[in-house]
Amino acid sequence: MTTTITTLHVDDTGPLADAIVDTLVHRIGKDAANARPHDWLAATILTVRNDIIERWMASTREAHAAGAKRVYYLSLEFLIGRLLRDALSNLGVMAQVAGALQSLGVDLTALEEIEPDAALGNGGLGRLAACFMESLASLDLPAYGYGIRYVNGMFRQRIDDGWQVELPETWLSHGNPWEFERRESAYFVGFGGEVIGTETGAVHWKPAEAVEAIAVDTPVVGWRGKRVNTLRLWTAQAIDPIRLDRFNAGDYTGALAGQLAAETLVRVLYPSDSSPAGQELRLRQEYFFSSASLQDIVRRHIQYFHDIRTLPDKAAIQLNDTHPAVSVAELMRLLVDHHDLGFEEAWEITRRTFGYTNHTLLPEALESWPLHLFERLLPRHMQLIYAINAKLLREARAVEGMDDRAIAAISLIDEGGERRVRMANLAFAGSHSVNGVAALHTELMKKTVFADLHRLYPTRINNKTNGITPRRWLQQCNPQLTALIREAIGPGFQDDAEKLIALTEFAQDANFRERFLSIKRSNKVGLANYLRESSGLRVDPDALFDVQIKRIHEYKRQLLNIIETVALYDQIRSHPERDWTPRVKLFAGKAASSYHNAKLVIKLANDVARRINSDPSVGHLLKVGFIPNYNVSLAEKIIPAADLSEQISTAGMEASGTGNMKFALNGALTIGTLDGANVEIKEHVGDEHIVIFGLTADEVAEKRRDGYDPRAVIEGSPELRQAVSAIASGVFSPDDPGRYAGLMGGLYDGDWFMVAADFDAYAAAQRSVDARWQDQAGWATSAIHNVAKVGWFSSDRTIRQYAEEIWNVM
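Residues numbered from 1 in each chain as written. Predicted model: local features only at pLDDT ≥ 70, side-chain atom pairs only at ≥ 80, totals over all residues. Heavy atoms only, no water.

### Thoughts on the UniProt feature "modified residue: N6-(pyridoxal phosphate)lysine" (unreviewed entry) in the protein
Part 1: Taken from the UniProt record, the annotation "modified residue: N6-(pyridoxal phosphate)lysine" (unreviewed entry) applies to Lys 662.
Part 2: Within the element layout of this structure, Lys 662 appears in helix α26 (residues 659-665).
Part 3: The exposure class assigned to Lys 662 is buried, which follows from its relative accessible area of 7%.
Part 4: Beyond its immediate sequence surroundings of up to four residues, Lys 662 is in contact with Arg 127, Ile 468, Trp 473 and Ile 639. (UniProt positions renumbered as here; feature names shortened; annotations may be inferred. Helix = DSSP H or I, 4+ residues; strand = E, 2+ residues; numbered from the N terminus. Buried < 20%, exposed > 50% of the residue type's maximum accessible area, 1.4 Å probe, protein only. Contact = heavy atoms within 4.5 Å.)

Below, the structure written as structure tokens:
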């Protein structure tokens with residue numbers, strides 16, 4: 001089938017139906033009478049894919065013909081979610097495909113529901129990468145995304161008796177009709193061995209082992225099909241898949257050891273690094289995908305532009321966080337060892353080519369590797385890092401006022417205790433641009449983790465506030481609201497999200513507010529039905545849906561939310577005569593497998609839910625639910641139904657957040673601290689349309705610096721003291737009364753994340769939310785203002801800023 005879908009009239013879908021059946025028969029090997037839902041899904045994708053391939057090839061040809069500079073986005077995660085609806089929507093053929101399938105007795109919505117989420121990411125980092133790839137294509141910018149094709153993802157979360165259980169993702173069990181294996185794009189990636197000098201003074205790295213990285217490509221369709229870019233993921237295989245000598249000797253396991261080692265590289269996202277073996281696997285993964293990607297980029301550049309010295313003019317490589325930071329040393333190795341450039345020239349090319357996006361101020365997330373591990377696995381890279389470090393420290397020593405402390409902080413080698421290689425410092429030093437992802441985060445970078453590097457390179461740090469693609473996070477996940485907005489202000493916002501601002505004038509329109517609230521309630525009914533069917537939880541769609549869905553981490557303070565929920569529970573039971581606002585408190589998110597406290601928070605949320613939901617004294621006034629296995633598709637169900645968005649991280653610890661943007665775009669009010677992008681959301685939507693509480697980043701830093709007595713705070717707050725005491729004493733864990741004693745004890749002993757410090761302000765903010773909810777017209781006005789004024793947080797705007805100010809491709 002050739003490119004015909006987009007030219008079909010909505011009512012003339014017979015040829016498309018015939019094409020789907022033809023694909024079903026000749027590609028899937030099934031006839032319509034015997035086809036299963038997964039067969040129809042694959043046949044539909046493969047049929048639509050024909051159009052996409054034509055556009056994909058045209059996009060590639062145009063970029064080659066124009067000699068265009070390409071963007072290369074390196075990320076350990078790409079949380080792309082389901083792709084069928086995304087592709088159909090961006091191509092503008094949703095109605096045609098739905099009609100064709102309907103004529104065959106197949107429901108497109110049902111097919112969309114069985115498409116698995118690609119298990120290629122975990123949280124905001126990976127979803128941001130996916131939004132950026134979609135925006136790059138939508139803005140007609142040639143780009144490749146590079147990552148790993150994980151076979152089993154991070155894990156599929158199941159909740160057993162309230163505890164998180166990690167199971168392998170099986171997203172590839174029915175194959176993946178979106179992907180194309182490119183065996184011609186294969187590269188050797190080595191580990192270990194030794195570096196050998198030659199008589200001419202050159203060096204040669206002789207790895208002790210190697211694997212082959214093989215490219216697997218997925219097309220990324222931009223809005224209106226304007227461009228189709230490539231997401232290139234790497235899979236691994238052994239150089240010798242089977243050692244026949246060992247096999248014939250009866251050592252069947254040993255014969256396959258090489259293939260097993262290769263497959264291990266691409267099996268799981270974020271293997272636990274709590275053991276030396278886990279650390280080594282993480283480093284191997286990061287080097288594996290970085291090396292394959294850099295070899296591919298250099299190969300393509302030489303093929304089309306011939307001169308390696310022009311690399312910065314034709315390639316912009318963006319490092320998404322510190323995971324691909326070893327790419328700096330890898331490009332140096334390729335330039336010096338394979339292209340015979342001098343160190344200084346190679347360093348200048350490297351620095352001009354790379355940009356680095358920092359996503360965290362948490363020291364443990366900046367990544368550093370034990371020097372002995374790094375040197376054993378990557379001996380040549382260690383030599384180059386020492387050389388880079390010598391250059392860096394000489395430059396720092398020449399700057400007036402740089403003392404030994406500053407020099408030590410700038411160094412690529414951490415000498416405090418066990419010597420470690422600092423990957424964030426390497427990325428900073430090896431990039432011409434280092435950006436934060438929200439205004440507050442960027443300023444804190446300059447003052448905290450990169451303060452001394454900022455003194456050395458004062459113009460390098462810049463801000464690029466994160467964004468989300470409005471195609472997926474409004475048009476696709478909330479079609480009723482999209483239709484209402486289109487009716488009110490016209491379709492222009494679908495091409496430029498900032499045109500949503502025109503919706504402001506409807507915030508006081510009673511009829512529009514009523515229709516807006518009706519759509520919100522419809523979305524809540526849909527979520528309520530899902531909760532009942534998936535977990536048996538029955539909730540009232542007329543209650544306030546209060547939602548916190550994100551990775552479980554102590555700084556994100558799910559614990560603060562749970563403790564306040566317990567306090568509210570106590571208040572409702574103690575004062576049933578008050579006019580309480582009915583609430584549904586919903587949590588979702590995964591805890592890292594080795595993160596004990598985060599997993600304990602999940603158990604606590606489920607224990608609290610079990611007690612509250614079975615207590616007739618609170619009845620319909622309070623329900624609590626923890627929704628298992630949070631992913632993109634689940635977020636698409638929850639976010640349009642949310643009334644209140646919990647963005648309550650400890651101020652100064654969340655780099656940006658993008659969930660806050662998705663909720664606001666779908667008409668939820670934010671309750672949050674002045675942290676990350678909350679600061680900028682507040683500026684855009686207005687103080688009266690957001691609920692801000694708690695310590696600021698400066699106040700948090702001051703408390704940590706000058707001393708803080710959480711015990712006195714807890715004892716001075718009756719509601720907090722009662723809730724903490726109830727949790728610690730086993731009220732919610734009668735089977736194990738001491739289960740949460742340590743978790744609550746941590747609040748008394750230090751409270752690093754300021755849960756106690758912010759509790760009273762948070763509880764007061766929640767009661768103000770109750771009061772606002774009673775005025776449904778006023779609530780709708782604020783919700784509409786949120787939708788109208790967050791178009792600026794489109795990833796299209798973010799990518800334009802990257803393109804103009806960092807990549808020089810617009």
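### Section: the sheet that holds strand β19 (residues 622-627)
Part 1: Within the open sheet, the six strands sit side by side as β19-β18-β17-β20-β21-β22. Their pairing is parallel. Whereas interior strands pair on both sides, the edge strands pair on one side only; in this sheet they are β19 and β22 (691-692).
Part 2: With six bridges joining them, strand β18 (residues 583-588) and β19 adopt parallel strand pairing. Following the sheet pairing, Leu 586 is matched in β19 by Gly 625. (Pairing = 2+ DSSP bridges.)

### Some details on the pairing of strand β1 (residues 70-74)
Part 1: A large share of β1 lies buried, amounting to five of its five residues.
Part 2: On β1, burial covers both faces: Arg 70, Tyr 72 and Leu 74 on one face and Val 71 and Tyr 73 on the other are all buried.
Part 3: Across five bridges, β1 lies against strand β10 (residues 315-320) in parallel orientation. Note on β10: the bridge partner recorded for Tyr 72 is Ile 317.
Part 4: For β1 and strand β2 (residues 143-148), the ladder comprises four bridges, and the chain directions are parallel. Its bridge partner being in β2, Leu 74 is matched across the sheet by Tyr 146.

### Thoughts on the sheet that holds β1
Part 1: Judged by pairing direction, the sheet is mixed, and its nine strands sit side by side in the order β5-β8-β9-β2-β1-β10-β11-β15-β16 without closing on themselves. Where the open sheet ends on each side, the last strands, each with one partner, are β5 (180-191) and β16 (461-463). On average, adjacent strands in this sheet sit at an angle of 25° to one another, irrespective of strand direction.
Part 2: With five bridges connecting them, β2 and strand β9 (residues 228-238) associate as parallel partners. Across the sheet, the residue bridging to Ile 148 is Trp 234, located in β9.
Part 3: Helix-sheet contacts for helix α18 (residues 439-447) involve β15 (433-436) and β16, and the interaxial angle to β16 is about 165°. (Axes fitted to C-alpha atoms, helices over the stretch in contact; angles between N-to-C directions.)

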